[in-house]
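# Examining the three-dimensional arrangement
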Amino acid sequence: MKPQSYLKLREYSYFSGLSDNALKALSEKITAVTFPSGSTIIHEDEEADAFYMLENGELEIVEKTKDGESRTVTVSGKGYEPGSMPFIKSSPHCVSITS
């Protein structure tokens, strides 16, 4: 991350209480990625292998219905942390997320 941009991490609920030094250390482990519009970032029922934080844009959260159809649950924007709980709990995702 760029100098001082580590302070942006405080905008995310998981990191809001961390000290500047902890945020700096964390920022050194973060890799920024960009996904083209329409890309599926997270697939329902797959194991979580990354923790994402949305800096800009929107994500569509989709789940499969009992009939196997896709249903949009919501659309989220900046500050959303898709896939965070499955990553922390080492469990599969319960929704798909598309950029």
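These numbers were taken from a predicted model, which means no experiment stands behind them.

## Let's talk about the pattern of salt bridges
Under the counting rule described, the total for this entry stands at four salt bridges. The partner of Lys78 in a salt bridge is Glu11, with the nearest N and O atoms 3.6 Å apart. With Lys78 in the loop between β3 (70-76) and α2 (84-89) and Glu11 in the segment before α1 (20-27), the pair connects residues that are 67 residues apart, well separated along the chain. Each of the two residues, Lys78 as well as Glu11, counts as exposed. Residue Arg71 pairs with Glu63 through a salt bridge whose shortest N-O separation is 2.2 Å. According to the relative accessible area criterion, Glu63 is partly exposed, its value standing at 25%.

## Examining the packing of aromatic side chains
Under the criterion given, the structure shown has four aromatic pairs. With a centroid separation of 6.0 Å and 65° between ring planes, the pair formed by Phe35 and Tyr52 is classed as edge-to-face. Of this pair, Phe35 sits in the loop between α1 and β1 (40-42) while Tyr52 sits in the loop between β1 and β2 (59-64), placing them 17 residues apart in sequence.

Reading guide: rules and limits
- Residues numbered from 1 in each chain as written.
- Predicted model: local features only at pLDDT ≥ 70, side-chain atom pairs only at ≥ 80, totals over all residues.
- Heavy atoms only, no water.
- Salt bridge = Lys/Arg side-chain N within 4 Å of Asp/Glu carboxyl O.
- Helix = DSSP H or I, 4+ residues; strand = E, 2+ residues; numbered from the N terminus.
- Buried < 20%, exposed > 50% of the residue type's maximum accessible area, 1.4 Å probe, protein only.
- Phe/Tyr/Trp six-rings, centres within 6.5 Å; stacked < 30°, edge-to-face > 60°.

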